[in-house]
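Secondary and tertiary structure notes
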There are 2 protein chains.
Amino acid sequence: MATQKIIKCRGESEEKVVDRVTEEIPFTIYVNEREIATLLASPRDLEDLAIGFLITAGLIKTNDDSIDVTIDDTKWRAHVTMKGDVDTDLLEKRMYTSGCGRGILFYNTTDLMYRNKGRSKLELEKKKIFELMREFQSSSIEFKETGGVHSAALASGDRIITLREDIGRHNAIDKIVGYAYCEKIDLANTVILTSGRVSSEVVLKIQKTPISGIISRSAPTDQAIRHAEAAGITLIGFVRGERMNIYYEKGRDKR
Amino acid sequence: MATQKIIKCRGESEEKVVDRVTEEIPFTIYVNEREIATLLASPRDLEDLAIGFLITAGLIKTNDDSIDVTIDDTKWRAHVTMKGDVDTDLLEKRMYTSGCGRGILFYNTTDLMYRNKGRSKLELEKKKIFELMREFQSSSIEFKETGGVHSAALASGDRIITLREDIGRHNAIDKIVGYAYCEKIDLANTVILTSGRVSSEVVLKIQKTPISGIISRSAPTDQAIRHAEAAGITLIGFVRGERMNIYYEKGRDKR
């Protein structure tokens, strides 16, 4: 967190104070010395972010063990080395369609990797989901201080394994995926908890991993629901107190 | 808004209902038949979005009157024609650095266009800001129905001129800028109201326009504050009830 002189106003009165604000850095990822992408991110857990981004972008596989990462935190760069090279066609196509800094729309055959068939069914009781989300929401430290970050957590059936925060909701998820890769955590019976809204992009990221469900405090879009159904990823939203909406649950018919 | 069969849970009880969810579409922008970018967006005000995106990306100027837009809403495409062509170097550089679908970091000389010197100072009393934000927050229709969108509004000294909603907070702002272009609204003494957090990317977008301030319900990042100071754009955050934080106000010293 950085500090910042600000003017705090209450009605007409003013007070000059030093407040905490969330930090933002440009973080550039190189793979085998080739520049891949620059993310605007929070300056923590950068190794997790680099790896997680490459996995959820479909550029490396979760079972690839030839990856090595060095972080240069003076220039905010990750230097990733791997055997072979990233799929150049995918890279060019992806960059072309996502030039706006917002959507990633490109599909390729690796998107089929963890499709419906192979993915575990989420086995969590409602009571457990309410408990996990309560714990998740009370755990975010920087949000309480600055209000400026999103958080994501990885949970198994009965506990939160780890939590990450970032100014970008996608980055927070990538940091979780990267952490799981580095710690060799089996993702097959885990879920992602997120503070943010769930767009198709979030589901397409999770689809690149064996994670079995997405549980959010917020709303999904219609396309996110379609993608979750197609990939067999359980999607639960608006978890607040003892309420929640099940948008898609693997193996269950809503009709 | 789309409708969706969902399972609503309260504690252990379940109810199958049809609920409203926010729609998401892939929207591809072509300029002179060249594909520029695909945005994930809400399917409304697409002409505004196409124009606004091109302006805030620095690809067209707010005073360029040679622009023509046709929307194909069967394929979700915008066909933009203009005299001359977009800056190809800028396009390639931008795409390269923002391949992640998140950050746009590229600067060029057009970023200096509306720097500090030429920009109007925000002239709004505190009371007016509180009033505008109250009106803004009560005006968002789709958010109330689906919880799935961000909103942005354009305001003059005394009223809200227009409001736009989108699944992307950047898109909502682009739609405002595009609307102002189409309606030939002088942006010199206007401000943007936004429901979303303010990152450097938001400030860099506004910097491409003569808009004099950004007023948000949420938090800015440290880099957003730096960019606002450099560009002479007033930046106010955490406007809630009768409280707000002034992070930078043109012509005012915080020391």
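Above this text is the structure in question.
What counts, and where the lines are drawn
- One numbering rule holds for all chains: residues counted from 1, following each sequence as written.
- Labels are handed out in written order, letters beginning with A for the chains and numbers beginning with 1 for the ligands.
- Where local features are concerned, this predicted model is filtered to residues with pLDDT of at least 70; where side-chain atom pairs are given and counted, the filter is 80 or more; whole-chain, interface and lining totals use all residues.
- Neither water nor hydrogens contribute to the side-chain values; these are computed over all heavy atoms in the structure.
- A pair of strands is considered paired only if DSSP assigns at least 2 bridges between the two.
- Numbering of helices and strands starts at the N terminus; helices are DSSP runs of H or I of at least 4 residues and strands are runs of E of at least 2.
- Only the contacting stretch of a helix is used when fitting its axis, a line to C-alpha atoms as for every element, and angles between N-to-C directions run 0 to 180 degrees.
- Only heavy atoms enter the contact rule, under which two residues are in contact if any of them lie within 4.5 Å.
- Burial classification: accessible surface area is computed with a 1.4 Å probe over protein chains only, and a residue below 20% of its type maximum counts as buried, one above 50% as exposed, and the rest as partly exposed.
- When an angle is under 35 degrees it counts as roughly parallel; over 145 it counts as roughly antiparallel; between 65 and 115 it counts as roughly perpendicular; any other value is oblique.
- Computed over the protein atoms alone on a 1 Å grid, cavities are sets of points where a 1.4 Å probe fits but cannot get out and pockets are open sets with protein on both sides within 12 Å along at least five of seven lines; a residue lines them when it has an atom within 4 Å of a point.
- Grid points are joined across faces, edges and corners, and a volume is the space filled by probe spheres set on the points.
- Residue type decides the class: Asp, Glu, Lys and Arg count as charged, Ala, Val, Leu, Ile, Met, Phe, Trp, Tyr, Cys and Pro as nonpolar, and the leftover types, Gly among them, as polar.

The strands that make up a sheet pair up through hydrogen bonds in the backbone, lying either parallel or antiparallel. Residues and elements named next belong to chain A. Strand order across the open sheet formed by four strands is β4-β3-β6-β5, with mixed pairing between neighbours. Edge positions in the sheet fall to β4 (34-41) and β5 (68-72), since each of these pairs with one other strand and no more. In this sheet, adjacent strand axes meet at a mean angle of 20° when their direction is disregarded. This element, helix α1 (residues 46-56), spans β3 (25-31), β4, β5 and β6 (77-81) of the sheet and lies at about 55° to β3.

Listing the buried residues of helix α7 (residues 222-231) of chain A in full gives A:D222, A:A224, A:I225, A:H227, A:A228 and A:A231. The inward-facing, buried residues of α7(A) contact α6 (200-206), β11 (234-240) and β12 (243-248) of chain A together with β1 (2-10) and β2 (13-21) of chain B. Positive backbone phi, at 70°, marks A:G232, one or two positions downstream of α7(A).

Residue and element names in this part refer to chain B. In the contact formed by helix α1 (residues 46-56) and helix α5 (residues 169-182), the axes pass within 6 Å of each other and the chain directions differ by 95°. The orientation of α1 relative to α5 falls into the category roughly perpendicular. Across the interface between the two elements, E47, D48, L49, I51, G52, F53, I55 and T56 of α1 pack against N171, D174, K175, V177, G178, Y179, Y181 and C182 of α5.

Now for the sheet that holds strand β10 (residues 213-216) of chain B. Pairing is mixed across the open sheet formed by eight strands, whose spatial order is β2(A)-β1(A)-β12(B)-β11(B)-β10(B)-β9(B)-β7(B)-β8(B). On the outer flanks of this sheet lie β2 (13-21) of chain A together with β8 (160-166) of chain B, each paired with one strand and no other. Going across the sheet, the axis of each strand differs from the next one's by a mean of 25°, ignoring polarity. Relative to β10(B), strand β9 (residues 191-194) of chain B runs parallel, the two sharing four bridges. Looking at β10(B), one finds that B:T194 is bridged to B:S216. Across the face of the sheet, α5(B) comes into contact with β7 (150-155), β8 and β9 of chain B while running at roughly 140° to β8(B).

Residues and elements named next belong to chain B. One ladder, built from five bridges, connects strand β5 (residues 68-72) with strand β6 (residues 77-81); its direction is antiparallel. Among the inter-strand pairings, D72 is bridged to a residue of β6, identified as R77. The antiparallel hairpin formed by β5 and β6 contains four residues in its connecting segment, where W76 sits at a positive phi of about 55°.

What follows covers the layout of surface pockets. All names here are of chain B. Taken as a whole, the second largest pocket encloses approximately 330 Å³ of empty space. Contributing elements (two or more residues each) for the lining of the second largest pocket: α1, β5 and α5. Counting residues per element, the lining of the second largest pocket draws most heavily on α5, which supplies four residues. The residue inventory of the lining of the second largest pocket, partitioned by class, reads twelve nonpolar, two polar and six charged.

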